[in-house]
Number of protein chains: 2
Amino acid sequence: MSPNTFFSGLSRRTLLSALAMLPALPGALLPVSASAQTATPGSPLPSWNDSAAKQAIQNFVAAVTREGSSEFVPPAERIATFDNDGTLWVEHPVYTQLAFVLDRVKKVAPLHPEWKNTQPFKAALEGDMKTLAEAGDHGLLELVMATHAGMTAEEFQKIVMDWLATARHPRFERPYTELAYRPMIELLAYLRANGFKTFIVSGGGIEFMRPWTERVYGVPPEQVVGSSIKTKFQMRDGRPELFRLPEVNFIDDNVGKPVGINEYIGRRPIAAFGNSDGDLQMLQWTTMSGGARLGLIVHHTDAEREYAYDRNTSFGRLDKALDAAAVNKWVVVDMKNDWKRIFAFE
Amino acid sequence: MSPNTFFSGLSRRTLLSALAMLPALPGALLPVSASAQTATPGSPLPSWNDSAAKQAIQNFVAAVTREGSSEFVPPAERIATFDNDGTLWVEHPVYTQLAFVLDRVKKVAPLHPEWKNTQPFKAALEGDMKTLAEAGDHGLLELVMATHAGMTAEEFQKIVMDWLATARHPRFERPYTELAYRPMIELLAYLRANGFKTFIVSGGGIEFMRPWTERVYGVPPEQVVGSSIKTKFQMRDGRPELFRLPEVNFIDDNVGKPVGINEYIGRRPIAAFGNSDGDLQMLQWTTMSGGARLGLIVHHTDAEREYAYDRNTSFGRLDKALDAAAVNKWVVVDMKNDWKRIFAFE
């Protein structure tokens, strides 16, 4: 799923549910291990079982790369767009960026003594999830702005990287960047090896993702589209800087995804990958344009190795998009049965 | 120079001057000739004289590509950004996009009989430049919105391409896309041959440029940054579309250029190319960051082969950026003396 406006689109119920599941974040330092970066040479997609999903992907790639075929697509037009949270890496028990926000509030609290008596900061500091949930989207947006704005773009990048170097996922007890799905990393590499240009199109913060997507997914910063706050150019002490303002710039989720694709990429994709209703419009925009197209939805069906959720969860909901998948012949990946291996560390 | 918000930032004086210079646009159809697309193989930059400007460019490229050198920059970080109007192609006597706007108003006028009695449309239709100038930025923005919004993104792309196929520059009597500067096309190709990724960062409309930049400059749509209006995703008759709204989304000029670079590219360039004060902040942002950096300004000094203008023109003004060039050691290209050939058709 894609976080709505840095989570501002989350319903109260969603937020409550997400926060309730958030354990105390471990503060212990742990070095970041090398993440799975490249596909194994040899046969493509080794972490995929030989099921219908894998076959559909390979059939699509064969069709659009076969010169002379009526379905051939020139390399320049082979654009593939991937949602991030829940599609390329784990989004449970809460979006990684939300864990970052809550950690960050605690970290900078000493500079803001007034937070002890001001909501929603007081609730965030005290772990009072009920009050935090009652503060709703507006309260959450306040937390986001307090942690994402008020510094330069370069400073924010360092804050993100410092956090990722030490933060650990509560269940897997590993750096978040190790929780990228190995089959999807292979898929990214497989598409690139076949002339595709791969983009991330996520509801998450664009500057939260860019510092590490190249290392983890092989996707460079200029191929990352996401939600953003406004920045301002200014000269300070004779040097230029971009200062981050507490104002929403763009929301790259739901109907915003095709808009973001058009604005940032300027081409219509021929393949799109998501896992929730937040990706519905991106998959519609991609696949409903004639020609050979690939729409794919990652269905979280493996509570043992990862998580299992779809229509009836208040978090990462996959409902309308699952219905649309049947109508539009999108590939629905059954994580439990289609993926031989989920993480590189398995 | 970079058009301000589709020209909305132009002062009245600037607008008046620009419009006064605008001859009746020729309506005759003329096929688009192939534009200069690739540099001549062999020695790089053949259209450049062997002067200091060419040497400075080559020294910079040698420094950042020499492995082991303290100034070496990995290929992934070799980002170069180019202004468009006046830097890559002719911007006189008016921005090409403004010529498009005025042509387009005439073209669709039959669908808007009320324009005959409504300003600023009446003035645009009658060629009443004085009244049009008096309508100021607001009036011009009205013309832009009337011609750039109210259709899908795909429809607008076709409108742009159809116009470019027949419109001719009033002085050179050639399609506008033939008025790209041959030395700059060679420079783009030379940088790419040395591992650079080349981007356009223009004040002009992003969707006005994207349909043709790959053919003319070798710059694909996803590497074009520009000003934009908002679009909206919607399903119509069961098919998804992006509809263009009469609302400004982003202004990619002056202080907006570093903001646009950060938002769309997400990396700080190591080389930037402009020709006016609209490019000042982009050159500051690019060059004032330590390490080997290249800032370059195209100085229009050749009234015979092209145009001559800088500080004292009301159009395409190069004033503050020329002073900054001396302070910051940016290369100032003297078109008359540094360029052996300006256009491919010479």
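Right above here is the structure, for reference.
Residues numbered from 1 in each chain as written. Chains lettered and ligands numbered in written order. Predicted model: local features only at pLDDT ≥ 70, side-chain atom pairs only at ≥ 80, totals over all residues. Heavy atoms only, no water.

## Some details on the pairing of strand β8 (residues 331–334) of chain A
Residue and element names in this part refer to chain A. Burial along β8 is one-sided: the residues Val331 and Val333 are buried and none of Val332 and Asp334 is. Sheet topology places strand β6 (residues 294–301) next to β8; four bridges connect them, and they run parallel. Bridged to Leu296 within β8 is Val331. (Buried < 20%, exposed > 50% of the residue type's maximum accessible area, 1.4 Å probe, protein only. Helix = DSSP H or I, 4+ residues; strand = E, 2+ residues; numbered from the N terminus. Pairing = 2+ DSSP bridges.)

## A closer look at the packing of aromatic side chains
Residue and element names in this part refer to chain A. In this structure the tally under the stated criterion is 37 aromatic pairs over all chains. Judged by centre distance (6.1 Å) and plane angle (50 degrees), the rings of Phe60 and Phe196 are tilted. Linking Phe60 in helix α2 (residues 52–65) with Phe196 in the loop between α8 (182–193) and β2 (197–205), this pair joins segments that are 136 residues apart in sequence. Looking at Phe196, the relative accessible area reads 5%, which means it is buried. Taken together, a centroid distance of 6.1 Å and an interplanar angle of 35 degrees make the contact between Phe250 and Tyr264 tilted. With Phe250 in strand β4 (residues 239–250) and Tyr264 in helix α10 (residues 256–265), the pair connects residues that are 14 residues apart, well separated along the chain. (Phe/Tyr/Trp six-rings, centres within 6.5 Å; stacked < 30°, edge-to-face > 60°.)

## Things to note about the layout of surface pockets
In this model, the largest pocket occupies a volume close to 650 Å³. Surrounding the largest pocket, 24 residues form its lining, Gln157 of chain A together with Glu77, Gly266, Arg267 and Arg268 of chain B being those nearest its centre. Every element with two or more residues in the lining of the largest pocket is listed here: α7 (153–166) and α9 (206–217) of chain A together with α11 (256–265) of chain B. When residues of the lining of the largest pocket are assigned to their parent elements, the largest contribution, seven residues, is made by α9 of chain A. The computed volume of the second largest pocket comes to approximately 550 Å³. If you trace the second largest pocket, you find 20 residues lining it, with Gly266, Arg267 and Arg268 of chain A together with Gln157 and Pro221 of chain B closest to the centre. (1 Å grid on protein atoms, 1.4 Å probe; cavity = no way out; pocket = protein on both sides within 12 Å on 5 of 7 lines; lining within 4 Å. Points joined across faces, edges and corners; volume = space filled by probe spheres on them.)

## A closer look at the pattern of salt bridges
Residues and elements named next belong to chain A. Here the structure, examined in full by the defined rule, presents 36 salt bridges over all chains. Note that Glu207 is salt-bridged to Arg244, the shortest N-O span being 3.0 Å. Linking Glu207 in helix α9 with Arg244 in strand β4, this pair joins segments that are 37 residues apart in sequence. Across the pair, exposure class does not vary: Glu207 and Arg244 are buried alike. (Salt bridge = Lys/Arg side-chain N within 4 Å of Asp/Glu carboxyl O.)

## Comments concerning the side chain of Asp252 of chain A
Residues and elements named next belong to chain A. Following the sequence through the fold, Asp252 ends up in the loop between β4 and α10. Summary of buried charges: Asp252 has no salt-bridge partner, and the nearest side chain of opposite charge, Lys257, is 5.5 Å away. Look past the residues within four positions of Asp252 in its chain and what remains in contact with it is Val201, Ser202, Gly203, Val225, Gly226, Ser227, Lys257 and Gly260. (Lys, Arg positive; Asp, Glu negative; His and termini not counted. Contact = heavy atoms within 4.5 Å.)

## Section: the relation of the copies chain B and chain A
For the pair chain B and chain A, the best superposition has an RMSD of 0.0 Å and corresponds to a rotation of 180 degrees with a translation of 0.0 Å parallel to the axis. Between the two chains, the operation in question is that of a two-fold axis. Closest approach to the rotation axis within chain B is made by the C-alpha atom of Tyr264 of chain B, at a distance of 3.1 Å. (Least-squares fit on C-alpha atoms with pLDDT ≥ 70 in both.)

## Describing the pairing of strand β5 (residues 271–274) of chain B
All names here are of chain B. Side chains Ala271 and Phe273 project from β5 onto one buried face, and the interleaved Ala272 and Gly274 project onto a second face that is buried too. Judged from the three bridges that link them, strand β1 (residues 79–82) and β5 form a sheet pairing that is parallel. Of the residues in β5, the one forming a bridge with Ala80 is Ala271. Of the pairings in the sheet, the one linking β5 to strand β6 (residues 294–301) comprises four bridges and is parallel in character.

## A look at the interface of chain B and chain A
With 41 residues of chain B in contact, the opposing surface of chain A contributes 41 residues. Of the roughly 3,200 Å² buried where chain B meets chain A, counting both sides, 50% is carbon and sulfur surface. The three residues of chain B that bury the most area against chain A are Glu222, Phe233 and Glu263 of chain B, which together make up 21% of that side's buried surface. Joining chain B to chain A, the criterion identifies eight salt bridges. Here Glu214 of chain A ties to Arg267 of chain B by a salt bridge, and the two come within 3.1 Å at their closest N and O atoms. One can count 26 residue pairs in polar contact (both at pLDDT 80 or more) joining chain B with chain A. Looking at the side of chain B that touches chain A, the elements that each hand over two or more residues are α7 (153–166), β2 (197–205), α9 (206–209), β3 (224–236), β4 (239–250), α11 and α12 (280–287) of chain B. The leading source of residues in the side of chain B that touches chain A is α11 of chain B, at six residues. Taken together, the residues that form the side of chain B that touches chain A break down as 18 nonpolar, 11 polar and 12 charged. (Buried area = accessible area lost by both parts, 1.4 Å probe. Polar contact = N/O pair within 3.5 Å; in protein donor to acceptor, adjacent residues only side chain to side chain. Nonpolar A, V, L, I, M, F, W, Y, C, P; charged D, E, K, R; others polar.)

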